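# Structural description and commentary
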Amino acid sequence: MPERLTGFLEQRYGLRISESEAVLGQGDEASVWRVLGSGRRLIVRASPPERDLAKLAESYALAAVLAGAVPEVTAPIGALDGSVTTRWAGRPISVWPYIEGDFLDRSDHDQLRAAAELLARLHRAGVDWLSARGEKPERPGIGLVHGDFYSRNLLVRDGRIAGLIDWDDARLERLDAELAWATWELGKTPTGDALLLDHAARFLETYRHADGPGQPGADFIRLIRARLIGELGGDDPDYDASLRTALRNVVDDDRHRDLIRSGAG
């Protein structure tokens with residue numbers, strides 16, 4: 001960790017950093033460090049510079065809300081002035097409790113089942129929170145979403161999901177859109193160019209049996225395709241190539257419509 005950032009954390013958070021280590025793989029765009037700060041194991045996250053502080057603060061506030069209802073969610077640690085993110089060297093900085101664990105294994109059926117159950121609980125908690133506040137979304141099916149529910153944001157320890165990390169994209173959104181993308185991310189082939197329909201069907205069925213409020217509709221496959229298109233144009237040519245192949249494979253045909261029906265019950 002840069003020495004200047006260490007000093008910044010002491011000044012803004014009151015943390016004395018005695019150890020730090022870069023964490024690889026957590027956050028495709030962010031820089032992440034595991035630190036020992038004032039005797040506590042913590043995560044320091046530097047989000048991309050183009051991220052808006054006010055929007056990040058709103059996302060982190062939603063994480064704090066869900067942390068009160070879903071044990072796998074942690075709330076951000078506030079700075080001395082109460083803020084949950086602040087800018088250093090042009091990048092938004094946030095501090096989080098450290099969660100020990102490995103990335104979720106998409107080939108492990110038990111872990112996939114646990115992920116579907118977690119997503120259902122997460123969505124239900126958001127719906128319950130909005131209802132308790134007397135807030136009615138402008139459109140049906142809107143709720144609190146994580147925004148990037150995939151294997152590297154799900155940490156597993158001793159066979160159980162220990163934490164859901166990276167809350168930069170939490171927001172109010174269509175629950176079925178998050179369900180569609182999570183189904184793709186956790187049900188795709190190892191090469192990321194097609195959907196394993198049996199894996200995807202089990203994920204959707206588990207979500208439904210766990211009383212997940214998101215409902216796969218007629219545009220479920222189109223939602224996946226729209227997100228695939230949105231992912232194009234990044235810095236990784238191999239990822240881009242897999243996305244283009246996926247767009248040829250994931251189409252609105254009878255096989256994929258059967259998948260939707262299995263998820264709708």
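Scroll up to find the structure.
So, here is what we can say about the structure in this document.

The rules we used
- Residues numbered from 1 in each chain as written.
- Predicted model: local features only at pLDDT ≥ 70, side-chain atom pairs only at ≥ 80, totals over all residues.
- Heavy atoms only, no water.
- Helix = DSSP H or I, 4+ residues; strand = E, 2+ residues; numbered from the N terminus.
- Rg over C-alpha atoms; globule rule 2.2 N^0.38 Å.
- Buried < 20%, exposed > 50% of the residue type's maximum accessible area, 1.4 Å probe, protein only.
- Contact = heavy atoms within 4.5 Å.
- Areas by Shrake-Rupley, 256 points an atom, 1.4 Å probe, with all protein chains shown as cover.
- Lys, Arg positive; Asp, Glu negative; His and termini not counted.
- Charge placed at Lys NZ, Arg CZ, Asp CG, Glu CD.
- Phe/Tyr/Trp six-rings, centres within 6.5 Å; stacked < 30°, edge-to-face > 60°.
- Pairing = 2+ DSSP bridges.
- Axes fitted to C-alpha atoms, helices over the stretch in contact; angles between N-to-C directions.
- Arc of directions from axis to C-beta.
- Salt bridge = Lys/Arg side-chain N within 4 Å of Asp/Glu carboxyl O.
- Parallel < 35°, antiparallel > 145°, perpendicular 65-115°, else oblique.
- Left-handed = near helix turned anticlockwise from the far one by under 90°.
- Nonpolar A, V, L, I, M, F, W, Y, C, P; charged D, E, K, R; others polar.

Moving on to the overall build of the protein chain. A count of helices and strands for the protein chain gives 8 helices and 10 strands. Expected size for 265 residues packed as a compact globule is a radius of gyration near 18 Å; at 19 Å, the protein chain falls within 12% of this value. Oriented by its inertia axes, the alpha-carbon framework of the protein chain measures out at about 60 × 45 × 35 Å. Residues counted as buried form 46% of the 265 residues belonging to the protein chain. Sequence separation of 24 or more characterises 67% of the internal contacts of the protein chain that already satisfy a separation of 6 or more. When the accessible surface of the protein chain is totalled, it reaches about 12900 Å², and 47% of it is carbon and sulfur. With 34 positive and 43 negative side-chain charges, the protein chain shows a separation of 2 Å between the mean positions of the two kinds.

Here the structure, examined in full by the defined rule, presents 1 aromatic pair. Centroid distance Tyr-60 to Trp-96: 4.9 Å. Interplanar angle 85 degrees. Geometry classified as edge-to-face. Here Tyr-60 is found in helix α2 (residues 53-67), whereas its partner Trp-96 is found in strand β5 (residues 91-97), with 36 residues between them in sequence.

Pairing of strand β6 (residues 102-103) with strand β8 (residues 154-157), which is carried by 2 bridges, proceeds in the antiparallel orientation. Counterpart to Phe-103 in the pairing with β8 is Leu-155. The pairing of β8 with strand β9 (residues 160-164) spans 4 bridges and is antiparallel. In the sheet register, Leu-155 faces β9, and the bridge partner there is Gly-163.

With antiparallel pairing, 3 strands are arranged side by side in an open sheet as β6-β8-β9. Where the open sheet ends on each side, the last strands, each with one partner, are β6 and β9. This element, helix α3 (residues 109-132), spans β8 and β9 of the sheet and lies at about 45 degrees to β9.

All of the buried residues in helix α1 (residues 3-13) are Leu-5, Phe-8, Leu-9 and Tyr-13. Looking straight down α1, one finds its buried side chains confined to an arc of 100 degrees; they lie on one side. Away from its buried face, by an angle of more than 90 degrees, α1 presents the exposed residues Glu-3, Arg-4 and Gln-11. Buried residues belonging to α1 abut β1 (17-22), β2 (31-37), β3 (40-46), β4 (86-88) and β5. The first or second residue beyond α1 is Gly-14, which carries a positive phi of 70 degrees.

Another point: the pattern of salt bridges. Applying the stated rule across the entire model yields 18 salt bridges. In this structure, Glu-29 engages Arg-51 in a salt bridge whose closest nitrogen and oxygen atoms are separated by 3.9 Å. Of this pair, Glu-29 sits in the loop between β1 and β2 while Arg-51 sits in the loop between β3 and α2, and the two are 22 residues apart along the sequence. Judged by relative accessible area, Glu-29 falls into the exposed class, the value being 52%. A relative accessible area of 22% places Arg-51 in the partly exposed class. A salt bridge links Arg-45 to Asp-168; its shortest N-O distance comes to 3.3 Å.

Remark: α3 packs on helix α5 (residues 197-209), axes separated minimally by 8 Å, with the N-to-C direction vectors making an angle of 40 degrees. When the axes of α3 and α5 are compared, the pair comes out oblique. Considering the relative orientation of α3 and α5, their crossing is right-handed. Facing α3, whose interface residues are His-109, Leu-112, Arg-113, Ala-115, Ala-116, Glu-117, Leu-119, Ala-120 and His-123, α5 presents His-199, Arg-202, Phe-203, Thr-206 and Tyr-207. A class-by-class count of the residues in the contact of α3 with α5 yields 7 nonpolar, 4 polar and 3 charged.

Honestly, it's all geometry; don't read function into it.
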